[in-house]
Amino acid sequence: MHAALCCGDTPLDAGDFCVMDRRVVQIIASIHDSRPFLRGLRAWIGFRQTSVPYERDVRAAGTVKYKLAKLFKLAADGIFSSSIRPLRLATCLGLLVSTFSFAGAIYTLFNRVFADQLAHLGIRYVPGFATIEMSVLFLGGVQLLCVGILGEYIGRIYENSKGRPVSTVSRTLGLAGTIAKGFG
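Residues numbered from 1 in each chain as written. Predicted model: local features only at pLDDT ≥ 70, side-chain atom pairs only at ≥ 80, totals over all residues. Heavy atoms only, no water.

Notes on the environment of methionine 20
Mapped onto the secondary structure, methionine 20 falls in the segment before helix 1 (22–30). Since its relative accessible area comes to 30%, methionine 20 is described here as partly exposed. Along the primary structure methionine 20 and phenylalanine 47 are separated by 27 residues, whereas in three dimensions their C-alpha atoms are 10.0 Å apart. (Helix = DSSP H or I, 4+ residues; strand = E, 2+ residues; numbered from the N terminus. Buried < 20%, exposed > 50% of the residue type's maximum accessible area, 1.4 Å probe, protein only.)

Some details on the pattern of salt bridges
Under the counting rule described, the total for this entry stands at one salt bridge. Between glutamate 152 and arginine 88 there is a salt bridge, with the nearest N and O atoms lying 2.6 Å from each other. Placement of the pair is glutamate 152 in helix 6 (residues 129–161) and arginine 88 in helix 4 (residues 85–113), with a sequence separation of 64 residues. On the basis of relative accessible area, glutamate 152 is assigned to the buried category, the value being 19%. (Salt bridge = Lys/Arg side-chain N within 4 Å of Asp/Glu carboxyl O.)

Focus: a positive patch on the surface
Where like charges cluster on the molecular surface, the positive patch consists of Arg59, Lys65, Lys67 and Lys70. Within the secondary structure, lysine 65 sits in the loop between helix 2 (38–45) and helix 3 (68–82). Residue classification places lysine 65 among the exposed residues on the basis of a relative accessible area of 54%. (Patch = residues over 30% accessible without salt bridge, like charges linked within 9 Å, V, L, I, M, F, W, Y side chains within 5 Å. Areas by Shrake-Rupley, 256 points an atom, 1.4 Å probe, with all protein chains shown as cover. Lys, Arg positive; Asp, Glu negative; His and termini not counted. Charge placed at Lys NZ, Arg CZ, Asp CG, Glu CD.)

A word on a nonpolar patch on the surface
On the surface, a nonpolar cluster with roughly 540 Å² of combined accessible area is contributed by Val64, Tyr66, Leu68, Leu71 and Phe72. Secondary-structure assignment places phenylalanine 72 in helix 3.

A word on the side chain of serine 98
Along the chain, serine 98 falls in helix 4. If we ignore the near neighbours within four places in the chain, the residues touching serine 98 are Phe138, Gly141 and Val142. (Contact = heavy atoms within 4.5 Å.)

Notes on helix 6
For helix 6, spanning 33 residues, the distance from its first C-alpha to its last is 47 Å, which sits close to the expected 48 Å at 1.5 Å a residue. Listing the buried residues of helix 6 in full gives Met134, Gly141, Gly148, Gly151, Glu152, Gly155 and Glu159. Close packing links the buried residues of helix 6 with helix 4. (Expected span 1.5 Å × (residues − 1).)

Encoded structure:
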């Protein structure tokens, strides 16, 4: 759960205002993140959470400070600090483009071999056009795939550079001093 938190693990309507146990606060404080996303960190730590429903009164004074640009920044902080999935998008896109260009290359070969039969159906063979197009798409797909592989490495480096603990201990049963010293 800790290595690749996705945004779906964050509870719905999780706000920044909360009551936390001292242990949770200590763990969050030990994480050196230049742009921490508190809602995601609370879910990532893995302690039990519960919500307290309440009726929110109408705003007493002023206007809402979170305009659309700030909401987009908050969403980007949540996505990029909690997940490396955007980096994997390049890999998926590269595979998709490469597959599409490979299918196009097979179609081009089929069109070239059966040009006379396909001409009766109204499908004309244009020499050179499809070959160049499929070559460019295939090379673009391979490049995106390579960028995706680099993204995987960068994502792992990013995850390790956050300095987050590998695991958290919510409580110990017996030999607490020995266990704490072993993890300290």
